[in-house]
Amino acid sequence: MDLKYNRIILMLTVFLFLFGFSFDVFAATLDVNSDFTDERNVIIAAADRIIDLQADDGSWDWVVTDEVGSTGITYLNIAGVTAEVLVDAYKLTGDSKYLDAATDAGDYLISQIGDPVLSSQRQNAFSIIFLYHLAEASSETIYSDQADAIFTHITTEENYWSLNNVNHCADD
């Protein structure tokens with residue numbers, strides 16, 4: 001199995017574990033009768049499930065429940081890592097529904113993070129990496145610009161991590 005697919009499957013497994021899925025639920029979602037050796041089908045099925053769970057604003061609920069709609073409980077730190085599979089599915093298939101859903105997630109991140117990046121927000125590498133991948137897939141520099149802003153904020157400005165962990169990287 002290709003390392004890229006191993007990474008995707010690992011991220012999906014972590015995501016599903018964090019959201020309270022058991023493997024049985026995941027397998028049922030993917031149709032256990034399908035051929036699990038076909039990584040492409042696994043990625044596409046997972047991306048389809050991620051789209052089904054996506055809220056109208058491009059985010060995902062923190063806790064996946066049996067609710068009909070969004071519970072309104074979400075956090076920035078899950079958007080990038082969750083949406084990464086959408087970019088991968090788009091690259092595999094060329095199907096614009098995956099790019100559209102990934103773009104919705106990217107727009108959600110940009111709307112919530114803003115410019116300048118607030119020092120009270122907890123930024124993470126998953127969002128940065130996702131935004132770079134989305135910029136590449138969509139050819140839209142707005143996403144790489146936001147990723148650059150987050151990275152610069154984390155490495156050169158006072159931020160949540162420096163204020164709470166005393167590891168400020170900027171010159172005093």
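Check the entry above for the structure.
Please read these numbers as outputs of a predicted model, since none were measured by experiment. (Residues numbered from 1 in each chain as written. Predicted model: local features only at pLDDT ≥ 70, side-chain atom pairs only at ≥ 80, totals over all residues. Heavy atoms only, no water.)

Asker: Would you take a moment to explain the overall build of the protein for this structure?
Answerer: Counting its regular elements, the protein contains 8 helices and 0 strands. Counted from the first residue to the last, the protein has its helices and strands arranged as α-α-α-α-α-α-α-α. Counting across all 172 residues of the protein, residues that qualify as buried make up 41%. Within the protein, contacts between residues separated by at least 24 positions form 62% of all contacts whose residues are at least 6 apart in sequence. Carbon together with sulfur atoms contributes 53% to the accessible area of the protein, which is approximately 9600 Å² in total. (Helix = DSSP H or I, 4+ residues; strand = E, 2+ residues; numbered from the N terminus. Buried < 20%, exposed > 50% of the residue type's maximum accessible area, 1.4 Å probe, protein only. Contact = heavy atoms within 4.5 Å. Areas by Shrake-Rupley, 256 points an atom, 1.4 Å probe, with all protein chains shown as cover.)

Asker: Hey, could you run me through the environment of Glu157 in this one?
Answerer: Structurally, Glu157 can be placed in the loop between helix H7 (141–156) and helix H8 (160–165). A C-alpha to C-alpha distance of 10.0 Å links Glu157 and Leu118, two positions 39 residues apart in sequence.

Asker: Looking at this structure, I do not really get the packing of helix H3 (residues 39–53) against helix H5 (residues 96–113). What am I missing?
Answerer: When two helices pack together, you describe them by how their axes are tilted relative to each other and by the distance separating the axes. Two elements in contact, H3 and H5, have axes whose closest approach is 11 Å; the angle formed by their N-to-C orientations is 45°. Considering the angle they form, H3 stands oblique to H5. Regarding H3 and H5, the two cross each other, and that crossing is left-handed. Between H3 and H5, the residues in contact are Ile44, Ala47, Asp48 and Ile51 and Lys97, Tyr98 and Ala101, respectively. Residues that form the contact of H3 with H5 fall into these classes: 5 nonpolar, no polar and 2 charged. (Axes fitted to C-alpha atoms, helices over the stretch in contact; angles between N-to-C directions. Parallel < 35°, antiparallel > 145°, perpendicular 65-115°, else oblique. Left-handed = near helix turned anticlockwise from the far one by under 90°. Nonpolar A, V, L, I, M, F, W, Y, C, P; charged D, E, K, R; others polar.)

Asker: Sorry if this is basic, but what is going on with the nonpolar core here?
Answerer: Ranked by size, the top nonpolar core spans 32 residues in total, and within it Trp60, Leu86, Leu109, Phe130, Leu131 and Leu134 carry the most contacts. Of all the secondary structure elements, the ones that give two or more residues to this core are H3, helix H4 (76–93), H5, helix H6 (125–138) and H7. (Core = buried A, V, L, I, M, F, W, Y, C linked by side-chain atoms within 4.5 Å.)

Asker: What am I meant to see in the pattern of salt bridges here?
Answerer: Where charged atoms of side chains with opposite charge meet at close range, the side chains can pair. For the structure shown, the criterion picks out 1 salt bridge. The salt bridge involving Lys97 is made with Asp48; its shortest N-O contact spans 3.2 Å. In this pair, Lys97 is assigned in helix H5 and Asp48 in helix H3, connecting sequence segments 49 residues apart. Lys97 gets classed as partly exposed once you look at its relative accessible area, which sits at 38%. (Salt bridge = Lys/Arg side-chain N within 4 Å of Asp/Glu carboxyl O.)

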